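Here is what each chain is made of, one letter per residue.
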Amino acid sequence: MLQDIADGIQNGLKDKTFEGSLKFDCGDDGVIVLIDNQATTQDQDADCTIRISQENLTKLLTGKLNPMTGVALGKLKISGNMGVAMKLGQLLG
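Please read all numbers here as calculations on a predicted model, not as lab measurements. (Residues numbered from 1 in each chain as written. Predicted model: local features only at pLDDT ≥ 70, side-chain atom pairs only at ≥ 80, totals over all residues. Heavy atoms only, no water.)

Caption draft 1: Molecular detail of the side chain of Thr49. Mapped onto the elements of the fold, Thr49 is located in strand E4 (residues 48–52). Of the residues examined, Thr49 reaches a relative accessible area of 12% and is grouped as buried. Beyond its immediate chain neighbours, meaning those up to four positions away, Thr49 contacts Lys23, Asp25, Lys77, Ile78 and Ser79. (Helix = DSSP H or I, 4+ residues; strand = E, 2+ residues; numbered from the N terminus. Buried < 20%, exposed > 50% of the residue type's maximum accessible area, 1.4 Å probe, protein only. Contact = heavy atoms within 4.5 Å.)

Below, the structure written as structure tokens:
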């Protein structure tokens, strides 16, 4: 399932540039790391980590979960470089 999400993110990056590295940490379900304009399920260090359930990650990426609302409700937690997290918002927008 995470590989499907990673593949979808990769397709979405085709005409866009994402600088920096970002990890979606879905706990026991695994991780998705965006680095060098690539989406991978291989765990590695990143500038920013977003801890989120797989279900809420899907909602976030499809626009059904607003990032700020998600943080306020505790559905996602951001650590590391907030600037990278803000770039994700622009990428999704």
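Next comes the rest of the account.
Caption draft 2: Up close: the packing of helix H1 (residues 2–12) against helix H2 (residues 54–61). H2 packs onto H1 with a crossing angle of 20 degrees between their chain directions and a minimal axis gap of 11 Å. Comparing the axis directions of H1 and H2 gives the class roughly parallel. As for the relative orientation of H1 and H2, their crossing is left-handed in sense. Residues Leu2, Ile5 and Ile9 of H1 form the contact with H2, whose participating residues are Gln54, Leu57, Thr58 and Leu61. Residues that form the contact of H1 with H2 fall into these classes: 5 nonpolar, 2 polar and no charged. (Axes fitted to C-alpha atoms, helices over the stretch in contact; angles between N-to-C directions. Parallel < 35°, antiparallel > 145°, perpendicular 65-115°, else oblique. Left-handed = near helix turned anticlockwise from the far one by under 90°. Nonpolar A, V, L, I, M, F, W, Y, C, P; charged D, E, K, R; others polar.)

Caption draft 3: Molecular detail of the pattern of salt bridges. Under the definition given, this model contains 2 salt bridges. Salt-bridge contacts for Lys23 lead to Asp43; the nearest nitrogen and oxygen are separated by 2.8 Å. Taken as a pair, Lys23 in strand E1 (residues 21–25) and Asp43 in the loop between strand E3 (38–40) and E4 lie far apart in primary sequence, 20 residues in all. On the basis of relative accessible area, Lys23 is assigned to the buried category, the value being 12%. Between Lys59 and Glu55 there is a salt bridge, and its shortest N-O distance comes to 3.4 Å. Of this pair, Lys59 and Glu55 both sit in helix H2, separated by 4 residues, roughly a single helical turn. Overall, Lys59 belongs to the partly exposed group, its relative accessible area being 31%. (Salt bridge = Lys/Arg side-chain N within 4 Å of Asp/Glu carboxyl O.)

Caption draft 4: View of the pairing of E4. Among the 5 residues in E4, 4 count as buried, and that is most of the element. Pairing of E1 with E4 involves 4 bridges; the strand directions are parallel. Residue pairing for E4: Asp25 is matched across the bridge by Arg51. Judged from the 5 bridges that link them, E4 and strand E5 (residues 76–80) form a sheet pairing that is antiparallel. Bridging across to E5, Cys48 finds its partner in Gly80. (Pairing = 2+ DSSP bridges.)

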